[in-house]
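This is what each chain is made of:
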Amino acid sequence: MHSPFSLIAFEEDIAAEFNAGKIRAPVHLYFGNEEPIIEVFKQIRPQDWVLCSWRSHYQCLLKGVPPQELKTEIMEGRSISLCFPKQRVFSSAIVGGVVPIAAGVALGIKRTGEDARVYCFMGEMTAETGIAHESVKYCRNHGLPVTWVIEDNGKSVCTDTKSAWGLESHWWEKELPSPDIIAYRYKSKYPHAGAGQRVQF
Amino acid sequence: MKYFDELKRSMEWLAEDPRTVFIGQAVEVPGTAMSNTVKDIPLARRVELPVAEELQMGMTVGLALQGHVPISIYPRWNFLLLAVNQLVSHLDKLDIMSNGGYRPKAIIRTGIGSERPLHPQHQHIGDFTEAFRLMCSTIEVIRLDEPEQVFPAYEKALLREDGRSTLLVEWGDFYSEK
């Protein structure tokens, strides 16, 4: 079991490795969402799928990937698209990439009658894309077993999401509480990528 | 056998494998020339999708991850262009990005739009076979130029165990001409 402290400590270790120039690939670190993401994982079972973006260290740990195995993958440069079939974790570095894939996995689950569910994590900018709207609509209307977890840090890289779209509120904010959407806001201490120090390779 | 008959035979052979599922627009209902190649496959094996090409390709990837072998139908290359993101950055890269962990298999059908007897004009007749061969690292792109190529190509696509998906390109005009 992970605590907020152990999650933060893992990311701080990775930050130190990155700032020391030992990871020759991008890393996207979490901070500030420890309590809500731990709460989400209380309902996620071993047979459930977890689909993530380029920022997925916490999901991997909470789904049961051993920390040293995860760190090895990160050190080898694969932080941006971490995949662990044994734990049913799939991540993609493409904005919105996993969202329609979640729909397909869920359709597959429904067709076979397996007792499993898909938990698809995405940021608030991804949740405003066309592919997210299509995927949520399709899954809702066909009763597919997906929970969408929207993590809102207010920006995409450095772009303010609401300002860029001209929004006063996000579409899901009017629907909460929702049977298929979990959403929370958080503020990170890390930049979009890296750990805050320029690294010269 | 003729080109269309080989295609129909291939689809019905694919349907004998319980892992396969046919998805796309006009797979449960008439609508395109390809519809006729799957019309005798049980409805339970066909999933009619809305017009949402990228969603369809993402669902293709997801179904494959879940252990199915999707046959994902895009009647023309020009329509498949709308799904390139999922094709090139996910279906083609799954084996690589997961360090060999995920090796799902999908079968993508597309076509070069027919020009006879009606010419649909230039947004419907693209042949991007060579371009996609250059864009893809693992997906095998096979253009079906002759009837005798058809069944062996689909047979290979289903039976292959090398972790690669297959994109098969059909000629719309050959449905009635070869």
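### Details of the overall build of chain A
When helices and strands are counted, chain A shows 8 helices and 8 strands. On C-alpha atoms alone, chain A measures out to a radius of gyration of 17 Å, which is about the 17 Å that the 2.2 N^0.38 rule sets for 201 residues. Projected onto its principal axes, the C-alpha coordinates of chain A cover approximately 50 × 40 × 25 Å. Every one of the 201 residues in chain A was classed for burial, and the buried ones make up 53%. Accessible surface, chain A as shown: approximately 8900 Å² in total, 53% of it carbon and sulfur. Side-chain charges of chain A comprise 22 positive and 23 negative groups, with the mean position of each set lying 3 Å from the other.

### Observations concerning empty space enclosed by the protein
Residues and elements named next belong to chain B. Inspection of every chain in the model, using the stated rule, returns 1 cavity of 30 Å³ or more. Approximately 50 Å³ is the volume attributed to the largest cavity. Along the walls of the largest cavity sit L91, D92, K93, L94, D95, Y102, R103, P104, T138, G163, R164 and S165, which together make up its complete lining. The residue makeup of the lining of the largest cavity, split by class, is 4 nonpolar, 3 polar and 5 charged.

### Some points on unusual backbone geometry
The peptide bond linking L176 of chain A to P177 of chain A adopts the cis configuration, its omega dihedral lying at -5°. Tracing the backbone shows P177 of chain A in the loop between α8 (161-165) and β8 (181-185). With omega at 5°, the peptide bond leading from R116 of chain B into P117 of chain B counts as cis. Mapping P117 of chain B onto the fold places it in the loop between β4 (107-112) and α7 (129-135).

Criteria and cut-off values
- Residues numbered from 1 in each chain as written.
- Chains lettered and ligands numbered in written order.
- Predicted model: local features only at pLDDT ≥ 70, side-chain atom pairs only at ≥ 80, totals over all residues.
- Heavy atoms only, no water.
- Helix = DSSP H or I, 4+ residues; strand = E, 2+ residues; numbered from the N terminus.
- Rg over C-alpha atoms; globule rule 2.2 N^0.38 Å.
- Buried < 20%, exposed > 50% of the residue type's maximum accessible area, 1.4 Å probe, protein only.
- Areas by Shrake-Rupley, 256 points an atom, 1.4 Å probe, with all protein chains shown as cover.
- Lys, Arg positive; Asp, Glu negative; His and termini not counted.
- Charge placed at Lys NZ, Arg CZ, Asp CG, Glu CD.
- 1 Å grid on protein atoms, 1.4 Å probe; cavity = no way out; pocket = protein on both sides within 12 Å on 5 of 7 lines; lining within 4 Å.
- Points joined across faces, edges and corners; volume = space filled by probe spheres on them.
- Nonpolar A, V, L, I, M, F, W, Y, C, P; charged D, E, K, R; others polar.

These figures come from the coordinates and say nothing about function on their own.
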